[in-house]
Amino acid sequence: MTTKKSSQVVFTENTVLLSVCFRRPGMRRQVDSRRVKSDADATMLHVSKDIVDSDEYTAIGRADGEFKGYMFRRAIPCHVFRRGVYPLPIALLAEVDGRIEEFRQRRIALVGTFLRVYPAKIEAAKERLGSLYSDEDYPSVNRLRVAFGVDACYVSIGAPELLKGFSGALFDREKAKIEQMWSDAGTEIRDALRAGFAELVRAMVRRLGEQADGKRRAIRESGMERLTDFLDTFDRRNVTNDAELKALVTKARTAMKGVDVGALKEEADLRKVTGRAFNDIGKKVEGWLELRPGRKIDLED
């Protein structure tokens, strides 16, 4: 006789926690508000300055943002854990692990580009900042180099076995807390995937519909890519075995089979058929738009 596993058990068996930290030293410093001419009370002012103006430095932050976007599309939405900790489906582990190493190498190259222009940027800042310039604001190239980095590791959460030897009651209490935390995470992940799908469906319904003046709305490639990416990765991200969502995702896949932006723009009948399909799905997921992440547990507590 087989027993059906709970969504919590399925979730914990099919998920690992990946912690990713992007280290990037700031290029902004506080300025003594008394040095700024104003008739305002200086204690009410908070003034800062940029110590360098560098497109090369900005490019590092932009690359970080792009990679975080990739992580959000591959990991599972969840705010139970602290920022930077991603519940990752084991089915996507090899792909994501490889991409982290690729990104780490790309970031090293971007940092190197910034550090090569850093001395010149300091000289430019000296002129532009005038009396607000200070040598003490600028770490050396070597210190900056080690301040940048991408730290990634896989973490686990559980009641420490060491507690058993200290207090069985304490161990049982902490074990119950951890089990409740995983249960909360499983519920939030299910709800977040539902809300994410509902938002994508709503966007498709809107784009496939007509404006008040009867004109067709524009369909953007980026929006289609987000939808197809969700549909393509859903089976590997559905770590709670959400059968209801899976059925609707299957309907969306059927509606999108052989459909692309060009076809939707050029073929009116296809646009109508696809629009009706997503309208039908939209009615079923309307309530899911209200699902949002809940509380957060800091792993460092």
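Computed from a prediction, not measured in an experiment: that's the story for all the values here.

Some remarks on the overall build of the protein
Of regular secondary structure, the protein possesses 10 helices and 5 strands. Per-residue burial for the protein yields a buried fraction of 38% across its 301 residues. In the protein, the proportion of contacts linking residues at least 24 apart, taken out of those at least 6 apart, comes to 76%. Surface accessibility of the protein: about 18,200 Å² in total, with carbon and sulfur atoms responsible for 50%.

Describing helix α10 (residues 268-285)
Counted at 1.5 Å a residue, the expected span for α10 with its 18 residues is 26 Å, and the 25 Å between its end C-alpha atoms agrees. All buried positions along α10 are accounted for by Arg271, Thr274, Gly275, Phe278, Ile281, Gly282 and Val285. The buried residues of α10 occupy an angular sector of 130° when projected down its axis, which confines them to one face. Turned more than 90 degrees off the buried face of α10, the exposed positions are Asp269, Lys272, Arg276 and Lys283.

Remarks on unusual backbone geometry
Non-glycine residue Asn241 carries a positive phi angle of around 50°. Tracing the backbone through its elements, the reader meets Asn241 in the loop between α7 (221-237) and α8 (243-256). Classification of Asn241 by relative accessible area gives exposed; the value is 53%.

What about the pattern of salt bridges?
If you walk through the whole model with that rule in mind, you get 18 salt bridges. Close ionic contact of Arg107 with Asp64 constitutes a salt bridge, the shortest N to O distance being 2.8 Å. Of the two residues, Arg107 is situated in helix α3 (residues 93-129) and Asp64 in helix α2 (residues 55-74); the sequence distance between them amounts to 43 residues. Here Arg107 matches Asp64 in class, with each residue buried. Note that Asp191 is salt-bridged to Arg190, the shortest N-O span being 2.8 Å. Residue classification places Asp191 among the buried positions, given a relative accessible area of 14%. Residue classification places Arg190 among the partly exposed residues on the basis of a relative accessible area of 32%. Through salt bridges with shared partners, a single ionic network connects Arg74, Glu95, Asp229 and Arg236.

Focus: the nonpolar core
In terms of nonpolar packing, the biggest core is built from 38 residues, with Phe81, Phe197 and Phe278 touching the most fellow members. Looking at this core, the elements that each hand over two or more residues are α6 (168-208), α7, α8, α9 (261-266) and α10. With 11 residues, the top contributor of residues to this core is α6. Phe278 has contacts with Val201, Met204, Val205, Leu208, Leu227, Ala252, Ala255 and Met256, leaving out every residue within four places of it along the chain. Listed in part, the 16 residues of the second largest apolar core include Phe114, Tyr118, Ala125 and Tyr133.

Here's the deal with a negative patch on the surface
Negative charge collects at one region of the surface, where Glu221, Glu225, Asp260, Glu266, Glu267 and Asp269 lie side by side. Assignment of secondary structure puts Asp269 in helix α10.

Looking at α3
Its 37 residues give α3 an end-to-end C-alpha distance of only 47 Å, which falls more than 12% under 54 Å, the value for a rise of 1.5 Å per residue. Along α3, the helix axis deviates most sharply at Tyr118, where the bend reaches about 45°; the proline Pro119 sits within four residues downstream. For α3, every residue scored as buried is listed here: Val96, Ile100, Phe103, Arg107, Val111, Gly112, Phe114, Leu115, Tyr118, Ile122, Ala125 and Leu129. In the core, the buried residues of α3 are packed alongside β1 (15-23), β3 (47-50), α2, β4 (85-89), α4 (141-147) and β5 (149-155).

Observations concerning the pairing of β4
Of all the 5 residues making up β4, 5 are buried; the element is thus mostly covered by neighbouring parts of the structure. Covered by surrounding structure in β4 are Val85, Pro87 and Pro89 together with Tyr86 and Leu88, the residues of both alternating faces.

Observations regarding the packing of α7 against α8
Axes are the key here: two packed helices are described by the angle between their axes and the distance separating the axes. Taken N-terminus to C-terminus, the directions of α7 and α8 make an angle of 130°; their axes are 10 Å apart at the nearest point. Here α7 is positioned oblique relative to α8, judged by the angle of their axes. Of the two possible hands of crossing, α7 and α8 adopt the one that is left-handed. Side by side, α7 and α8 meet where Met224, Leu227, Thr228, Phe230, Leu231, Phe234 and Asp235 of the first sit next to Leu245, Lys246, Val249, Ala252, Arg253 and Met256 of the second. Counted by class, the contact of α7 with α8 contains 9 nonpolar, 1 polar and 3 charged residues.

Here is what the cut-offs are and how they apply
- Sequence positions are assigned chain by chain, starting from 1 and proceeding in written order.
- Restriction of local features to residues with pLDDT of at least 70 applies here, the model being predicted, together with a cutoff of 80 or more for giving and counting side-chain atom pairs; totals for whole chains, interfaces and linings are based on all residues.
- Side-chain descriptors were evaluated using all non-hydrogen atoms of the structure, hydrogens and water having been removed beforehand.
- We count a stretch as a helix when DSSP gives it H or I for four or more residues in a row; a strand needs E for two or more, and each element gets its number in order from the N terminus.
- Burial status follows relative accessibility: with a 1.4 Å probe on protein chains alone, a residue under 20% of its type maximum counts as buried, one over 50% as exposed, and anything between as partly exposed.
- We call two residues contacting when some pair of their heavy atoms lies within 4.5 Å.
- To measure how exposed things are, a 1.4 Å probe is used in the Shrake-Rupley method; for residues, cover is taken only from the protein chains shown.
- Expected helix span is computed as 1.5 Å times (number of residues minus one).
- Arc, as used here, means the arc of the directions from the helix axis to the C-beta atoms.
- We count a salt bridge whenever a side-chain nitrogen from Lys or Arg sits within 4 Å of a carboxyl oxygen from Asp or Glu.
- Working definition of a nonpolar core: buried Ala, Val, Leu, Ile, Met, Phe, Trp, Tyr and Cys residues. They are joined through side-chain atoms within 4.5 Å.
- Only residues whose relative accessible area exceeds 30% and that take part in no salt bridge are eligible for patches, with like-charged residues grouped when within 9 Å of each other and nonpolar side chains (Val, Leu, Ile, Met, Phe, Trp, Tyr) grouped when within 5 Å.
- In summary, the charge assignment counts Lys and Arg as positive and Asp and Glu as negative, without counting His or the chain termini.
- Throughout, a charge is located at the NZ atom of Lys, the CZ atom of Arg, the CG atom of Asp or the CD atom of Glu.
- The seven residues ending at a residue and the seven starting there each receive a fitted axis; the angle between those axes is the bend at that residue.
- Geometry is summarised by axes, namely lines fitted to C-alpha atoms with helices restricted to the contacting stretch, and by angles between N-to-C directions that run from 0 to 180 degrees.
- Note on terminology: angles under 35 degrees are roughly parallel, angles over 145 are roughly antiparallel, angles of 65 to 115 are roughly perpendicular, and the others are oblique.
- What makes a crossing left-handed is the near helix being turned counterclockwise from the far one by less than a right angle; a clockwise turn instead makes it right-handed.
- Polar here means any residue outside two lists: the nonpolar Ala, Val, Leu, Ile, Met, Phe, Trp, Tyr, Cys and Pro, and the charged Asp, Glu, Lys and Arg; Gly therefore counts as polar.

Everything listed here is a matter of coordinates, which is why it stays silent on function.
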